[in-house]
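So you can see what is in the structure, the chains are spelled out below.
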Amino acid sequence: MTTVDLRTSSEIPLFDTTLSDPPQPRTTTVDLRTSSEIPLFDTTLPDPPQTSMTTVDLRTSPKLFANVSGSVDDKGTCQCSVYLPDTTFPVQQAERLEIIATTLSVKFESELSQVREYAKMVTLYQQKILNLTIRVEHMESSSVSYTELDFQLLKVEISELDRLVTQLKSSLVGSNVIVEQIYMEIRNLTILVGELESMDKNNILAIRRQIVSLQNRLKECEENANKTTVPPYFPPGSCIHGGLLNVSQPYVVKLNWRGFSYKYGSWGRDYSPSNPESEFYWVAPLNTDGRLLEYYRIYSSFDNLLLFQQTYESRITYGEGSGVALYNNFLYYHAYNTRYMVKHDIKRNTMVLRKELQDAVTGNRFSYAGVSWQTLDFAVDESGLWVIYSTENNMGNIVISKLNETTLDVLNTWQTRQYKPSVSNAFMVCGVLYATRPVNTRKEEIFYMYDTTTGQEGRTSIIMEKKLDTIQSISYNPADQKLYVYNDGYLLRYDAIFQP
């Protein structure tokens, strides 16, 4: 152990403690043989940097002595290691702190600027929420019905507010009472608008539909009231009116005498120009194949028809289709699978005359829409007997021919531009052809007309109510000015209403 007396030096040098690196252990060699006064430390230090100087007076230390363990080498030199204290100033750390302080200052200014913007946005959102609240309260208190668009606009505005407030919440560190309050108000508004919309759908919109339904029913009642008004009177068999204006509601007479399975057929009243008040009614259901005409019944009055008290039932061999007409006690029909027209005496139940209709298309080609095997359709009006058919030359369009009821000769022919398979049926009134088409399963429309007097065709729209899907035949009777309709086996009757 060697004791070093620090007091042997009358003046201890001061040290510049501004070092860039912590000091390394210094080795001080003490030669006890040659020197009477040995310096305590090797104070040769590297030149300190010139940035900052700090002077430390070691004489102020309360402990001036220290025991240091050392050793003597082979030359007798005593060596020991002494660790100097870390008295250097941390310049680099101070610079880093200064940089961090500057960065924090910039960030603080940026955050402060964002907070100012958010404060403005919060104020704006509060105003928007106030406006939405007022609108929703008005919708609650008002009795006015709102459309789907009103609710959708409210939903869009609330969704936009919700999105912006959610974005604002995510950008803020920690919680903000005002933002949370706005968020909750938006949620409440969303729920309230949903409830209002549900209430409106369940109540107001339902009431609106009921009102529309009532309005339609009222309109229909008004139309029916107009229909039930007394129409202008025109003498039977005359054509001094201005054409067909409307038809009445159908009167369901009965099911045909053969039963419900016999959906195809025809029925009507005989028209005798010399005796218009005579009553003979025919009902001629086709066989179930919808083609073959074999049996028919004649009734001497409408009451007998209702009571199934036929005057006689007859069989013919054979007719085809539903285009039958009864004129002046003779039944006219299309001979089966031919072009021949047949005149049949109902009182004697015999065929009187049979004549071919030139160029007429047969074999179910160009029949009516939904009604098969009606290639020849006989019709009766105030002027006499007609036949409605098609030809290849007229490309399937309707052809009208006026017949001589005695000889079945064709007196005149008119070719229309109305395609026959596009109409469901046709009939003649005062030399004017009227054609029908289905609107739906319960309505038929008289939509087309052709005036043989002028050769002019035109459009009209007269709705006919029906009981079942398909109308198989329509026959007009000039004596009572009624339409007789065979509707899927049921016998219907309509009043024809003419315009002045």
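Bringing the overall build of the chain into the picture now. Counting secondary structure elements, the chain contains 4 helices and 28 strands. Scored against the burial criterion, the 500 residues of the chain give a buried share of 39%. Of all intrachain contacts in the chain linking residues separated by at least 6 positions in sequence, the fraction that spans at least 24 positions is 55%. For the chain, the accessible surface area stands at approximately 28200 Å², while carbon and sulfur atoms represent 53% of it.

Further remarks concern the state of the cysteines. Summed over the entire model, instances satisfying the criterion amount to 1 disulfide. Here C239 engages in a disulfide with C430; their sulfurs sit 2.0 Å apart. Taking the torsion about the S-S bond as the criterion, the C239 to C430 disulfide, at about -90 degrees, is left-handed. Of the two residues, C239 sits in the loop between α3 (177–228) and β8 (244–247) while C430 sits in the loop between β22 (425–429) and β23 (432–440), which places them 191 residues apart along the sequence. Classification of C239 as partly exposed rests on a relative accessible area of 40%.

This part takes up the environment of T190. Tracing the backbone through its elements, the reader meets T190 in helix α3. Relative accessible area serves as the criterion here: at 39%, T190 is assigned to the partly exposed category. Spatially, the C-alpha atoms of T190 and S159 are 8.3 Å apart, while their sequence positions differ by 31 residues.

Attention now moves to the sheet that holds strand β25 (residues 456–465). Reading across from one edge, β22-β23-β24-β25 is the order of the 4 strands in this open sheet, with antiparallel pairing throughout. Of all the strands in the sheet, just β22 and β25 have a single pairing partner and so form its edges. Within the sheet, the average angular offset between the axes of one strand and its neighbour, ignoring direction, is 25 degrees. The pairing of strand β24 (residues 443–451) with β25 spans 8 bridges and is antiparallel. Bridge pairing in β25 links I446 to I462.

So, about the packing of aromatic side chains. One pass over the structure, following the stated rule, counts 10 aromatic pairs. Ring centres of F447 and Y448 lie 6.4 Å apart, and the angle between their planes is 45 degrees; this geometry places the pair in the tilted category. When sorted by exposure, F447 lands in the same class as Y448, which is buried. In this structure an aromatic cluster arises from ring pairing among W267, Y281, F302 and Y484. The ring of F308 carries K254 above its face, with NZ or CZ at 2.7 Å from the centroid. Here the guanidinium or amino end of K402 rests over the ring plane of W386, the centre of that ring lying 5.6 Å away.

With that settled, consider a nonpolar patch on the surface. A cluster of nonpolar side chains, contributed by L97, I100 and L104, occupies part of the molecular surface with about 310 Å² of accessible area. The residue I100 is located in helix α1 (residues 91–141) in this model. A relative accessible area of 47% places I100 in the partly exposed class.

Here the focus is the sheet that holds strand β21 (residues 410–419). In spatial order, the strands read β18-β19-β20-β21; together these 4 strands make up an open sheet with antiparallel pairing. Of all strands in the sheet, those with a lone pairing partner are β18 (377–381) and β21, marking the two edges. Across the sheet, the axes of successive neighbouring strands diverge by a mean angle of 25 degrees, strand direction being ignored. One ladder, built from 6 bridges, connects strand β19 (residues 384–390) with strand β20 (residues 397–403); its direction is antiparallel. Counted as the bridge partner of V387 is S401 from β20.

Time to look at the confidence of the model for the chain. Residues with a pLDDT of 70 or more make up 71% of the chain, whose mean pLDDT is 80. Segment residues 1–62 is flagged for pLDDT under 50; beyond a separation of four residues in sequence, or across chains, it makes 77 contacts in the model.

Scanning the entire structure with this criterion turns up 13 salt bridges. For E445, the salt bridge is made with R437, and the minimal N-O distance between the two is 3.0 Å. With relative accessibility at 11%, the residue E445 sits in the buried group.

With that settled, consider the nonpolar core. Within the largest apolar cluster, 20 residues are counted, with the highest numbers of intra-cluster contacts made by L244, F427, I446 and L483. Every element with two or more residues in this core is listed here: β8, β22, β23, β25, β26 (471–477), β27 (482–487) and β28 (490–498). If sequence neighbours within four positions are ignored, I446 has contacts with L244, V247, F427, Y434, A435, T436, T460, S461, I462 and M464. One finds Y271, M341, L408 and A479 within the second-largest nonpolar core, a separate group that totals 17 residues.

Below, the discussion takes up the pairing of β21. When β20 meets β21, the two strands line up antiparallel, connected through 6 bridges. Of the residues in β21, the one forming a bridge with S401 is T413. The turn joining β20 and β21, which pair antiparallel and follow one another in sequence, is formed by 6 residues; a positive phi near 65 degrees is taken by L408.

Each value, and the rule that gives it
Residues numbered from 1 in each chain as written. Predicted model: local features only at pLDDT ≥ 70, side-chain atom pairs only at ≥ 80, totals over all residues. Heavy atoms only, no water. Helix = DSSP H or I, 4+ residues; strand = E, 2+ residues; numbered from the N terminus. Buried < 20%, exposed > 50% of the residue type's maximum accessible area, 1.4 Å probe, protein only. Contact = heavy atoms within 4.5 Å. Areas by Shrake-Rupley, 256 points an atom, 1.4 Å probe, with all protein chains shown as cover. Disulfide = S-S within 2.5 Å. Pairing = 2+ DSSP bridges. Axes fitted to C-alpha atoms, helices over the stretch in contact; angles between N-to-C directions. Phe/Tyr/Trp six-rings, centres within 6.5 Å; stacked < 30°, edge-to-face > 60°. Lys NZ or Arg CZ within 6 Å of the ring centre and 35° of its normal. Patch = residues over 30% accessible without salt bridge, like charges linked within 9 Å, V, L, I, M, F, W, Y side chains within 5 Å. Salt bridge = Lys/Arg side-chain N within 4 Å of Asp/Glu carboxyl O. pLDDT = per-residue confidence, 0-100. Core = buried A, V, L, I, M, F, W, Y, C linked by side-chain atoms within 4.5 Å.

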